[in-house]
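# Coordinate inspection notes
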Amino acid sequence: MVGGSYAAVPLYRRFCQATGYGGTIQRRESVEEKIARHAKDGTVTEREIAVQFNADVADGMPWKFTPTQREVRVKPGESALAFYTAENRSSTPITGVSTYNVTPMKAAVYFNKIQCFCFEEQRLLPGEQIDMPVFFYIDPEFETDPRMDDINNIILSYTFFKVSED
């Protein structure tokens, strides 16, 4: 059962990235291409968005997992760096993998992760603690989309799952 759950993570990731399901970001152009395009256009934004961070662990995962900061304020077009901390509270090495989502779902298309730890296995020894960075960018088109007029907060949420070590 656990092996099936672990195998489902890559399939779920592909499905979510293709459809935008669950607030997962859809890819049309790379983040680098977006940044270059907006820099070339001279796009300037004024609106500030509060990006809040959430962390969870699945049942049976003996890790403490928390965002290092609860919130970062960023203007569309700016990149930002945030950190999460994971600690293995068990007496054995444990490998985990995380999934993420962005809410509200309609804002996810504008939230671009440049670098993150999601979908990558993280192995922690007993008592080991690590800091994991998330480098992200909010597309400046967020500011001009009338569907985003009521959005002032975005939540980036991660859940860590234990990887079966058969």
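Refer to the structure printed above.
Report follows, based on the coordinates. This one's a predicted model, so the numbers in the text were calculated from it and none came from an experiment.

Turning to the sheet that holds strand S6 (residues 111-115), a few remarks are in order. Strand order in the open sheet formed by four strands is S2-S4-S8-S6, with antiparallel pairing between adjacent strands. Of all strands in the sheet, those with a lone pairing partner are strand S2 (63-67) and S6, marking the two edges. Strand after strand, the sheet turns through a mean of 30 degrees between neighbouring axes, direction not considered. As paired strands, strand S4 (residues 79-88) and strand S8 (residues 129-138) are joined by nine bridges and run antiparallel to one another. Opposite Thr85, over in S8, you have Asp131 as the bridge partner.

Following the criterion strictly, the structure yields 14 aromatic pairs and no others. Both rings, one in Tyr100 and one in Phe119, keep their centres 5.8 Å apart while their planes meet at 65 degrees; by these two values the pair is edge-to-face. Here Tyr100, found in strand S5 (residues 94-103), pairs with Phe119, found in the loop between S6 and strand S7 (122-124); they are 19 residues apart in sequence, far enough to count as distant. The class for Tyr100 is buried, based on a relative accessible area of 5%. Residue Phe119 is classed as buried on the basis of its relative accessible area, which comes to 15%. Between Tyr100 and Tyr158 the ring centres are 6.0 Å apart and the planes differ by 45 degrees, which places this aromatic pair in the tilted class. Of this pair, Tyr100 sits in strand S5 while Tyr158 sits in strand S9 (residues 153-162), and the two are 58 residues apart along the sequence. Overall, Tyr158 belongs to the buried group, its relative accessible area being 0%. Above the ring of Tyr100, the side-chain terminus of Lys113 is found at 3.8 Å from the ring centroid.

Let's shift gears to the sheet that holds S7. Strand order across the open sheet formed by five strands is S3-S1-S9-S5-S7, with mixed pairing between neighbours. In this open sheet, the two strands that pair with only one neighbour each are strand S3 (71-74) and S7. On average, each strand axis in the sheet is inclined to that of its neighbour by 30 degrees, with strand direction left out of account. Of the pairings in the sheet, the one linking strand S1 (residues 49-57) to S3 comprises four bridges and is antiparallel in character. Opposite Gln52, over in S3, you have Glu71 as the bridge partner.

Criteria and thresholds
- Residues numbered from 1 in each chain as written.
- Predicted model: local features only at pLDDT ≥ 70, side-chain atom pairs only at ≥ 80, totals over all residues.
- Heavy atoms only, no water.
- Pairing = 2+ DSSP bridges.
- Helix = DSSP H or I, 4+ residues; strand = E, 2+ residues; numbered from the N terminus.
- Axes fitted to C-alpha atoms, helices over the stretch in contact; angles between N-to-C directions.
- Phe/Tyr/Trp six-rings, centres within 6.5 Å; stacked < 30°, edge-to-face > 60°.
- Buried < 20%, exposed > 50% of the residue type's maximum accessible area, 1.4 Å probe, protein only.
- Lys NZ or Arg CZ within 6 Å of the ring centre and 35° of its normal.

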